[in-house]
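Chain by chain, the residues:
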Amino acid sequence: QKEVEQDPGPLSVPEGAIVSLNCTYSNSAFQYFMWYRQYSRKGPELLMYTYSSGNKEDGRFTAQVDKSSKYISLFIRDSQPSDSATYLCAPASGAQKLVFGQGTRLTINP
Amino acid sequence: NAGVMQNPRHLVRRRGQEARLRCSPMKGHSHVYWYRQLPEEGLKFMVYLQKENIIDESGMPKERFSAEFPKEGPSILRIQQVVRGDSAAYFCASSFTHTGGYEQYFGPGTRLTVT
């Protein structure tokens, strides 16, 4: 079993839709949870960073962590074509390596 | 405030040559991480360094690969005697963990092609 599982998609939705991206993980030591966005042939860009369980909102983006079920989510409201990218979940235990999911390729259709 | 810088952005090497990839962390960041992204695969951790120290190299191949982060200058990922399977995008990330804040910020990557 992989430490972090993420549905690779691809996921295609119309502009304006609410997008839900999800990951599950197996390592109980993970305390910090990051979401990255990666455009084709670019470096990952940090979108959201949360510590332990709970919700965090930043503009159109909301990150949720449920440590009891080892489930992390990223919601995108009012999706835009510019949101088309690969989204990567990456939990970590402190100042240690990030363990990336496979990434979900998202396309927002105008 | 400059972000993480990596150079070169593209590197072509023949089999058997050496590849040197450089990474300058964000200002104030003292922790550097290297990751590799093979074609159609996810990002995989390679090594975690602080100034003059290797903290975790559990993701580094046992042979041909080495990394350093000297007191002065950028972090270097060195691949000796490259093979075709080394062709990948290599990303560097940095973080500032003096008082918490474990977010890692990534550079644009170096795309290595071995011919």
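Here the structure is shown first, and the text comes after it.
Note that the coordinates shown come from a computational prediction; the quantities given were computed from them, not determined experimentally. All residue numbers refer to positions counted from 1 along the written sequence of the respective chain. To read the labels, note that chains go from A and ligands from 1, taken in the order they are written. Given that this is a predicted model, residues contribute local features only at a pLDDT of at least 70 and side-chain atom pairs are listed and counted only at 80 or more, while totals for whole chains, interfaces and linings are drawn from all residues. The side-chain values count all of the structure's non-hydrogen atoms but skip hydrogen atoms and water molecules.

Draft legend 1. Just the interface of chain A and chain B, in detail. The contact criterion used is simple: two residues touch if any of their non-hydrogen atoms lie within 4.5 Å. Between chain A and chain B, the residue contacts involve 19 residues of the former and 22 residues of the latter. By buried area we mean how much accessible surface two parts lose on assembly, using a 1.4 Å probe and totalling the loss over both. In this assembly, chain A packs against chain B so that about 1,700 Å² is buried in total across both faces, 58% of it on carbon and sulfur atoms. For salt bridges, the criterion is a side-chain nitrogen of Lys or Arg within 4 Å of an Asp or Glu carboxyl oxygen. For the interface between chain A and chain B, the tally reads zero salt bridges. Residues adjacent in sequence count toward polar contacts only when both atoms are side-chain atoms; beyond that, a polar contact is any pair of N or O atoms within 3.5 Å, and within protein one must be able to donate a hydrogen and the other to accept it. Counting across the chain A and chain B interface gives four residue pairs in polar contact (both at pLDDT 80 or more). Runs of H or I in DSSP of at least four residues are treated as helices and runs of E of at least two as strands, each being numbered from the N terminus. Mapped by element, the contributors of at least two residues to the side of chain A that touches chain B are β4 (32-38) and β5 (45-51) of chain A. Note on residue categories: nonpolar means Ala, Val, Leu, Ile, Met, Phe, Trp, Tyr, Cys or Pro, charged means Asp, Glu, Lys or Arg, and polar means any other residue, Gly included. Class assignment for the residues of the side of chain A that touches chain B results in 10 nonpolar, five polar and four charged.

Draft legend 2. Up close: the packing of aromatic side chains. Working definition: rings of Phe, Tyr and Trp (its six-membered ring) pair if their centres are within 6.5 Å, and the pair is stacked with planes under 30 degrees apart, edge-to-face with planes over 60 apart, and tilted otherwise. For the coordinates displayed, the defined rule picks out 11 aromatic pairs over all chains. Ring geometry for Tyr36(A) versus Phe100(A): centroids 5.7 Å apart, planes at 50°, classification tilted. In this pair, Tyr36(A) sits in strand β4 while Phe100(A) sits in the loop between β9 (85-92) and β10 (104-109), placing the two residues 64 residues apart along the sequence. Phe100(A) matches Tyr36(A) in its accessibility class, with the two residues each being buried. Ring geometry for Tyr33(B) against Tyr48(B): centres 4.5 Å apart, planes inclined by 10°, an arrangement best described as stacked. With Tyr33(B) in strand β4 (residues 31-37) and Tyr48(B) in strand β5 (residues 43-50), this residue pair connects regions lying 15 residues apart in the sequence. In this pair, the class of Tyr33(B) matches that of Tyr48(B), namely buried. Counting every residue linked through ring pairs, the aromatic cluster contains Tyr36(A), Phe100(A), Tyr35(B), Phe45(B) and Phe106(B). Categorising residues by exposure relies on relative accessible area from a 1.4 Å probe, with only protein chains included: less than 20% of the type maximum marks a residue as buried, more than 50% marks it as exposed, and the intermediate range marks it as partly exposed.

Draft legend 3. Spatial organisation of the sheet that holds strand β7 (residues 65-68) of chain B. Residues and elements named next belong to chain B. Taken in spatial order, the four strands make up an open sheet running β1-β3-β8-β7, and their pairing is antiparallel. The open sheet is flanked by β1 (5-7) and β7, the only strands paired with a single partner. When strand polarity is set aside, the average angle formed by the axes of neighbouring strands in this sheet is 15°. Strand pairing is defined by DSSP finding a minimum of two bridges between the two strands. Inspection of the sheet shows strand β3 (residues 19-24) paired to strand β8 (residues 75-79) by five bridges, in the antiparallel sense. Bridge pairing in β8 places Leu 21 opposite Leu 77. Axis angles are defined between N-to-C directions and span 0 to 180 degrees, where every axis is a line fitted to C-alpha atoms and, for a helix, only to the segment in contact.

Draft legend 4. Representation of the state of the cysteines in the model. Disulfides are defined as pairs of cysteine sulfur atoms found within 2.5 Å of each other. Counting across every chain of the model gives two disulfides over all chains. Residue pairing for Cys23(A): its cysteine sulfur links by disulfide to Cys89(A), the two sulfurs lying 1.9 Å apart. Looking down the S-S bond of the Cys23(A) and Cys89(A) bridge, the torsion is -100°, so its handedness is left-handed. Here Cys89(A) lies in strand β9 and Cys23(A) lies in strand β3 (residues 19-25), a separation of 66 residues in the sequence. Residue Cys89(A) is classed as buried on the basis of its relative accessible area, which comes to 0%. A sulfur-sulfur separation of 1.7 Å characterises the disulfide bridge that pairs Cys23(B) with Cys92(B). Disulfide Cys23(B)-Cys92(B): torsion about the S-S bond near -50°, hence left-handed. With Cys23(B) in strand β3 and Cys92(B) in strand β9 (residues 88-95), the pair connects residues that are 69 residues apart, well separated along the chain. In this pair, the class of Cys23(B) matches that of Cys92(B), namely buried.

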